[in-house]
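# Descriptive structure summary
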Amino acid sequence: MLRRIASHLFWTARNLERAEWRARLLDVNYHLLIESPPRDVQPWAPLLAIFGERELFAEYYKTADDASILNFFALDTDNPNSIRSCINTARNNAISLRHYISSELWLDLNTLYLNAQEWTPELFITPGVFAFFADLKDSFYRLSGIRQSTIPRDIAYDFMQLGIMLERTEDVSRMLDVKYHFLLPRLEDVGGSLDILQWAAVLRSASGLEAYRKRFGNSIRIDNVVEILLFDPTFPRSARFSLAMVETSLNRIQNESPEPSPPSSRLEELLTLMRSKRSLEVIKSGLHQFLLEIQDGCAALSDEVFQRYLRTD
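Below, the structure is looked at part by part. (Residues numbered from 1 in each chain as written. Predicted model: local features only at pLDDT ≥ 70, side-chain atom pairs only at ≥ 80, totals over all residues. Heavy atoms only, no water.)

## Thoughts on the environment of A45
You can see A45 is positioned in helix α2 (residues 45-51). It is 9.8 Å that separates the C-alpha atoms of A45 and V178, two residues lying 133 residues apart in sequence. (Helix = DSSP H or I, 4+ residues; strand = E, 2+ residues; numbered from the N terminus.)

## As for the pattern of salt bridges
As enumerated under the stated definition, the model contains 17 salt bridges in all. We note a salt bridge from R237 to E20, for which the minimum N-O separation is 3.2 Å. In this pair, R237 is assigned in the loop between α11 (222-231) and α12 (239-256) and E20 in helix α1 (residues 3-35), connecting sequence segments 217 residues apart. The salt bridge involving R275 is made with E247; its shortest N-O contact spans 3.3 Å. Separated by 28 residues along the polypeptide, R275 in helix α13 (residues 265-276) and E247 in helix α12 bring together distant segments of the chain. Through salt bridges that share partners, R14, R18, E167, E170, D171 and R174 make up one connected network. (Salt bridge = Lys/Arg side-chain N within 4 Å of Asp/Glu carboxyl O.)

## Some remarks on the nonpolar core
L26, I83, L229 and L230 are the most contacted members of the largest nonpolar core, which totals 95 residues. Look past the residues within four positions of L229 in its chain and what remains in contact with it is V172, M175, L176, V202, L203, A206, F235, R237, S238 and A239. (Core = buried A, V, L, I, M, F, W, Y, C linked by side-chain atoms within 4.5 Å. Buried < 20%, exposed > 50% of the residue type's maximum accessible area, 1.4 Å probe, protein only. Contact = heavy atoms within 4.5 Å.)

## Some points on unusual backbone geometry
Of the consecutive residues T126 and P127, the connecting peptide bond is found in the cis state with omega at 10°. Along the chain, P127 turns up in the loop between α6 (103-117) and α7 (129-150). Look at S207: it is not a glycine, yet its phi comes out positive at around 50°.

## Overview of the environment of L136
Here L136 lies in helix α7. Each C-alpha atom of the pair L136 and E20 lies 8.2 Å from the other, and the pair is 116 residues apart in sequence. With near-sequence residues (within four places) excluded, L136 lies in contact with A23, I83, L112 and W119.

## Here we look at the state of the cysteines
Under the counting rule described, the total for this entry stands at zero disulfides. Looking at C86, it has no disulfide partner, and the nearest cysteine sulfur is the one in C298, 17 Å off. Of the residues examined, C86 reaches a relative accessible area of 0% and is grouped as buried. (Disulfide = S-S within 2.5 Å.)

## Observations concerning helix α9 (residues 193-205)
A rise of 1.5 Å per residue sets the reference length of α9, with its 13 residues, at 18 Å; its end C-alpha atoms lie 18 Å apart and thus fit the reference within 8%. Turning to α9, its buried residues are D195, Q198, W199, A200, A201, V202, L203 and S205. One or two residues past the end of α9 sits S207, with phi positive at roughly 50°. (Expected span 1.5 Å × (residues − 1).)

## Looking at the side chain of S205
Counting through the fold element by element, S205 comes out in helix α9. You can call S205 buried: its relative accessible area is 2%. When near neighbours in sequence (up to four residues on either side) are disregarded, S205 contacts W21, R24, L25, V28 and M175.

## Side note on the packing of α13 against helix α14 (residues 279-310)
When two helices pack together, you describe them by how their axes are tilted relative to each other and by the distance separating the axes. Running from N to C, α13 and α14 point in directions that differ by 160°, and their axes come no closer than 9 Å. Our classification of the angle between α13 and α14 gives roughly antiparallel. Note on packing geometry: the crossing formed by α13 with α14 is left-handed. In this structure, α13 uses S265, R266, L267, L270, L273, M274 and S276 to contact α14, whose residues at the interface are E281, F290, E293, I294, G297, C298, A300, L301 and E304. Across the contact of α13 with α14, the residue classes tally to nine nonpolar, three polar and four charged. (Axes fitted to C-alpha atoms, helices over the stretch in contact; angles between N-to-C directions. Parallel < 35°, antiparallel > 145°, perpendicular 65-115°, else oblique. Left-handed = near helix turned anticlockwise from the far one by under 90°. Nonpolar A, V, L, I, M, F, W, Y, C, P; charged D, E, K, R; others polar.)

## What to know about the side chain of S173
On the secondary structure map, S173 appears in helix α8 (residues 155-183). For S173, a relative accessible area of 0% gives the class buried. Look past the residues within four positions of S173 in its chain and what remains in contact with it is L291, I294 and Q295.

## Examining the packing of aromatic side chains
Per the counting criterion, the structure on display carries 14 aromatic pairs. Measuring from centroid to centroid gives 5.6 Å for Y30 and F130, while their planes differ by 75°, and the two rings are edge-to-face. Note that Y30 is positioned in helix α1 and F130 in helix α7, a separation of 100 residues in sequence. Among the residues examined, Y30 registers a relative accessible area of 16% and is labelled buried. Accessibility expressed as a relative area gives 40% for F130, which makes it partly exposed. When the centroid spacing of 5.2 Å and the interplanar angle of 85° are considered together, the rings of F57 and F72 count as edge-to-face. Here F57, found in helix α3 (residues 54-60), pairs with F72, found in helix α4 (residues 66-75); they are 15 residues apart in sequence, far enough to count as distant. Note on F57: relative accessible area 5%, which makes it buried. For F72, a relative accessible area of 0% corresponds to the buried category. Feature note: the residues F51, F57, Y61, F72 and F73 constitute an aromatic cluster, connected by ring pairs. In this structure, R22 is placed above the aromatic ring of F51, and the distance from its NZ or CZ to the ring centre is 3.7 Å. We note R91 situated over the ring of Y113; from NZ or CZ to the ring centre the distance is 4.1 Å. (Phe/Tyr/Trp six-rings, centres within 6.5 Å; stacked < 30°, edge-to-face > 60°. Lys NZ or Arg CZ within 6 Å of the ring centre and 35° of its normal.)

Here it is in structure tokens:
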């Protein structure tokens, strides 16, 4: 496969996954602010922190109110990682992939792209924020189902899987980090009603609340939330599960390469880290630092994948 095609496959999938996670985080955070009046004068600041976009936001907006945040993260094409920008990038990459993806996937992605061009801030008033994100979540579920059902399990599928699972690993670690490091600065609030509500919101962001309750029951505990989102080998949005999928796809890509390359040392380090740790251990030793280690490892692994398979110059 040409590196150019592999790159388009990778970034099409990765940008769709990024758009979906941003939609999830916006939706859940908006619900959270409605359900529990914020104590902070800037309740959206943690979401800007999770993506490292405080400076970019400040260039275009004076205050981090609901309208500005929703516009910046969902609609603003000046933000290259807004939901609309990610959808645009995914569709533009997919234009050259018509022989590698199914017509059903292209049609649905192009429809989402065309719909996104019509989005305006008025959508957050009528039909409303909740309805907007509910429809958007259905669109992402449909795209995921079409991809799973219509793409042969070949090297094209594996490059898409790489993009999805690397993005998913980074995003779940960022989501945990913003809750643990930013949302609850006062030690006396740990275990309180607001704390529990926020951890439940984190689970909802990852569509993991039901899976959590089936495994741990109705009681929300920090260590159990961290366990299922980071270390559970069976939950499809956990960091460990996602990295295992990266390993599967990367192994197949390596086997298909004209010049087989050695196993990724970065991936081996990440997998060893995820398989050797448990939630209580990393919370005690410093969850924030552990999450940064995951994010740095994913960034290094992404760079390694780029240098081996996607670089075209």
